[in-house]
Amino acid sequence: PLGLLPRAVRPDSIQRMWTGQRGFGAMDPPTIETHGPYLGGSGFDTVNGAAPSIAFDANIPINITPVATGLQYPNVYASEFGCSTFSSFESMSPTLLPQHWGIHGGAPPDNCSAGWERVCTGGNAMAQRNHPCDNIITVYFGAYDFDAVGEQAFKKQLYHCMLGQALEMKSDIEERRATNQFGIVIWQLGEVWPTGGWGSIEYGTPVQGQVIGGRWKPLHYLLKSTLFTDVGLACGVGGQCLVKNDGPAPFNGTVTVTVVPLDGSAQSTLLRLPVDLAAGPGVSQWFTIQSAGLSAADVVLVAEAKAVNGQIANHNVLLLTPPKNLHVHAAKVTFRVSTSPNPDGSIDIIATTDVPALYVVFTTLAHGRFSDNAFLLTGPRTIQFIPFLPNQLSTLQTTLRVEHLSTYL
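Only a predicted model underlies this, so the values are computations on that prediction, with no experimental measurement involved. (Residues numbered from 1 in each chain as written. Predicted model: local features only at pLDDT ≥ 70, side-chain atom pairs only at ≥ 80, totals over all residues. Heavy atoms only, no water.)

**Student:** I tried to follow the pairing of strand β7 (residues 231-235) on my own but got confused; where do I start?
**Tutor:** Looking along a regular strand, one sees side chains alternate from face to face of the sheet. Across the five residues of β7, five count as buried, placing the element largely inside the fold. Burial along β7 is two-sided: Val231, Leu233 and Cys235 facing one way and Gly232 and Ala234 facing the other are all buried. In this sheet, strand β8 (residues 240-245) lies alongside β7 in antiparallel orientation, the contact comprising five bridges. If you follow Val231 over to β8, its bridge partner there is Asn245. Between the end of β7 and the start of β8, which pair antiparallel, lie four residues, with Gly238 showing a positive phi angle near 75°. (Buried < 20%, exposed > 50% of the residue type's maximum accessible area, 1.4 Å probe, protein only. Helix = DSSP H or I, 4+ residues; strand = E, 2+ residues; numbered from the N terminus. Pairing = 2+ DSSP bridges.)

Spelled out as structure tokens, the structure:
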């Protein structure tokens with residue numbers, strides 16, 4: 001499992017509490033460890049998921065309340081929690097016949113027994129893919145044709161499913177880091193096959209459609225850019241915000257919060273706050289932003305913590321409402337791949353858009369990862385493809401594709 005390793009947990013008690021509670025406020029001192037929840041997909045009969053679609057709170061924006069943090073206070077270790085999802089079209093499609101390219105498999109649902117390890121009888125190929133994704137997609141993206149089949153339908157379903165996992169885990173982790181938790185371990189790192197699993201990285205075995213070591217899903221890129229950075233930064237209901245240093249060195253810099261209108265009109269700075277945080281973990285500063293007058297459906301916020309040396313310690317795109325409520329404008333996103341690698345072996349990709357494009361996701365059959373992904377694109381930007389194996393330029397040039405929120409309006 002991947003996670004923030006516990007730097008300190010008070011040895012007040014060896015008692016452990018195994019719980020499905022989501023988000024944590026004040027905890028009784030004897031509680032030092034929590035376990036769960038596991039948000040598995042539902043809405044379609046599979047070996048690990050049931051047909052009734054179980055709704056849940058999108059938790060956007062998050063609910064956070066100022067609390068005292070630091071090693072001097074009782075604290076908690078979250079040993080494991082997660083949210084299920086599928087993998088990309090590139091990973092899933094080679095394992096299915098084209099007539100089954102859809103998250104409902106393009107066939108009548110199987111008849112599945114009760115319990116956890118269910119036995120499904122029938123001919124639906126997706127019934128064997130562990131966890132469905134209907135409820136996760138519905139919560140974040142609204143009414144949906146889950147029975148649609150074909151390349152474009154499957155790509156849309158998988159993009160929304162993976163982004164749903166990323167958003168669910170983002171809210172969960174941000175709420176946890178806003179309390180006095182010093183260990184956050186998620187289930188799980190890598191998929192063991194192309195299925196409805198729990199991984200933030202896809203199946204990484206050298207077979208068709210897979211990337212050696214595993215293709216990063218949107219969640220894994222959010223872990224890198226904001227969720228598992230040493231400096232945490234988040235805002236929630238009522239404009240309540242937190243910047244928190246869990247790193248071993250002091251952080252001195254500036255936090256900015258910028259309003260980005262989705263129609264492409266001028267951005268504005270909502271807050272610019274100098275911060276000087278001692279070495280962590282658990283050194284936090286609470287602040288508020290004036291977000292009450294903003295139209296939640298028409299803007300997103302970008303919170304950023306930048307050190308005095310110019311290094312970005314945290315970059316966080318904040319929604320004020322679930323994506324199904326956003327007034328997204330049709331963006332024309334284009335890109336160009338460099339004709340030769342950089343001296344370090346990375347390959348530049350120059351992307352641009354005419355209006356803000358939210359959750360821009362690049363995918364390729366080339367073996368490697370991107371310097372950033374699942375990001376907000378507001379204009380020209382250069383990212384890098386970082387190859388895991390040599391000689392990936394040609395494959396990158398011929399297989400690179402891009403999706404974003406308005407691709408599937």
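**Student:** Please explain the environment of Glu33 as it appears in this structure.
**Tutor:** Within the fold, Glu33 resides in strand β2 (residues 33-39). Considered as a pair, Glu33 and Tyr77 are 44 residues apart in the sequence and their alpha carbons are 4.7 Å apart.

**Student:** Before we go on, may I ask you to explain the state of the cysteines in this structure?
**Tutor:** In a disulfide, the sulfur atoms of two cysteines are held together by a covalent bond. Under the definition given, this model contains three disulfides. Across the disulfide from Cys235 sits Cys241; the S-S distance is 2.1 Å. The sign of the S-S torsion, about 110°, decides the handedness of the disulfide formed by Cys235 and Cys241: right-handed. Taking relative accessible area as the criterion, Cys241 reaches 0% and is therefore assigned buried. What links to what in the chain: the bonded cysteines, counted in sequence order, pair as 1-2, 3-4, 5-6. (Disulfide = S-S within 2.5 Å.)

**Student:** Sorry, what's going on with the sheet that holds β8 here?
**Tutor:** By definition, the strands of a sheet pair up through backbone hydrogen bonds, in either a parallel or an antiparallel sense. Within the open sheet, the three strands sit side by side as β7-β8-β11. Their pairing is antiparallel. Of all strands in the sheet, those bounded by a partner on one side alone are β7 and β11 (283-288). Neighbour-to-neighbour, the strand axes of this sheet turn through a mean angle of 10°, independent of strand direction. Along the sheet, helix α3 (residues 151-177) contacts β7 and β8; its crossing angle with β7, the most-contacted strand, is approximately 110°. (Axes fitted to C-alpha atoms, helices over the stretch in contact; angles between N-to-C directions. Contact = heavy atoms within 4.5 Å.)

**Student:** It is not clear to me how the packing of aromatic side chains should be interpreted in this structure. Could you clarify?
**Tutor:** Aromatic rings in a pair are described by how distant their centres are and how their planes are angled relative to each other. Counting across every chain of the model gives 11 aromatic pairs. Pairwise contacts between aromatic rings join Phe335, Phe362, Phe370, Phe375 and Phe385 into one cluster. The lysine or arginine in question, Lys155, covers the ring of Phe89, its NZ or CZ lying 5.2 Å from the ring centre. One cation-aromatic arrangement involves Arg176 over Phe81; the distance from NZ or CZ to the ring centre is 3.7 Å. (Phe/Tyr/Trp six-rings, centres within 6.5 Å; stacked < 30°, edge-to-face > 60°. Lys NZ or Arg CZ within 6 Å of the ring centre and 35° of its normal.)

**Student:** Would you explain the pattern of salt bridges in this entry?
**Tutor:** Pairing is possible between side chains that carry opposite charge, provided their charged atoms lie close to one another. According to the stated counting rule, one finds 10 salt bridges in the structure shown. A salt bridge links Glu202 to Arg215; its shortest N-O distance comes to 2.7 Å. Pair noted here: Glu202 is in the loop between β6 (181-186) and α4 (218-227) and Arg215 is in the loop between β6 and α4, with a separation of 13 residues, a long-range link. Residues Glu202 and Arg215 agree in their burial class; the two are buried. Look at the salt bridges and you will find they share partners, linking Glu90, Arg401 and Glu403 into a network. (Salt bridge = Lys/Arg side-chain N within 4 Å of Asp/Glu carboxyl O.)

**Student:** Which parts of the structure should I look at to understand the pairing of strand β10 (residues 268-277)?
**Tutor:** Bridging between strand β9 (residues 251-261) and β10 involves nine bridges; their strand directions are antiparallel. Residue Val255 lies in a different strand from β10, and its bridge partner there is Leu273.

**Student:** What is the right way to read the packing of α3 against α4 from this model?
**Tutor:** A pair of packed helices is captured by two measures, namely the crossing angle of their axes and the spacing between those axes. Between α3 and α4, the shortest axis-to-axis distance is 8 Å and the interhelical angle comes to 30°. Taken as axis vectors, α3 and α4 run roughly parallel relative to one another. Note on packing geometry: the crossing formed by α3 with α4 is right-handed. Side by side, α3 and α4 meet where Met162, Gln165, Ala166, Met169, Lys170, Ile173, Glu174 and Arg177 of the first sit next to Pro218, Leu219, Leu222, Leu223, Thr226 and Leu227 of the second. In terms of residue class, the contact of α3 with α4 is built from nine nonpolar, two polar and three charged. (Parallel < 35°, antiparallel > 145°, perpendicular 65-115°, else oblique. Left-handed = near helix turned anticlockwise from the far one by under 90°. Nonpolar A, V, L, I, M, F, W, Y, C, P; charged D, E, K, R; others polar.)

**Student:** Could you clarify how one ought to interpret the nonpolar core in this entry?
**Tutor:** Nonpolar side chains in soluble globular proteins generally cluster together in the buried interior. Counting residues in hydrophobic clusters, the biggest one holds 53 residues, and the most contacted among them are Tyr140 and Leu358. Broken down by secondary-structure element, the contributors of at least two residues to this core are β3 (76-83), α1 (89-92), α2 (134-141), α3, β6, α4, β12 (299-307) and β16 (357-363). A per-element tally of this core places α3 first, with nine residues. Beyond its immediate stretch of four places on either side in the chain, Tyr140 contacts Phe56, Ala58, Ile60, Gly164, Leu167, Glu168, Pro322, Pro323 and Lys324. Membership of the second largest hydrophobic core comes to 23 residues, among which are Tyr221, Val337, Ala351 and Leu396. (Core = buried A, V, L, I, M, F, W, Y, C linked by side-chain atoms within 4.5 Å.)

**Student:** Please explain the sheet that holds strand β17 (residues 368-370) as it appears in this structure.
**Tutor:** Pairing is antiparallel in the open sheet, where four strands are placed in the order β14-β15-β19-β17. Across the chains shown, the open sheet's two edge strands, defined by having one partner strand only, are β14 (333-337) and β17. Strand-to-strand twist of the sheet, defined as the mean angle between neighbouring strand axes without regard to direction, takes the value 25°. Where β14 lies against strand β15 (residues 347-353), five bridges are found, and the strand directions are antiparallel. When the sheet's bridge partners are listed, Val333 is paired in β15 with Thr353.

These figures come from the coordinates and say nothing about function on their own.
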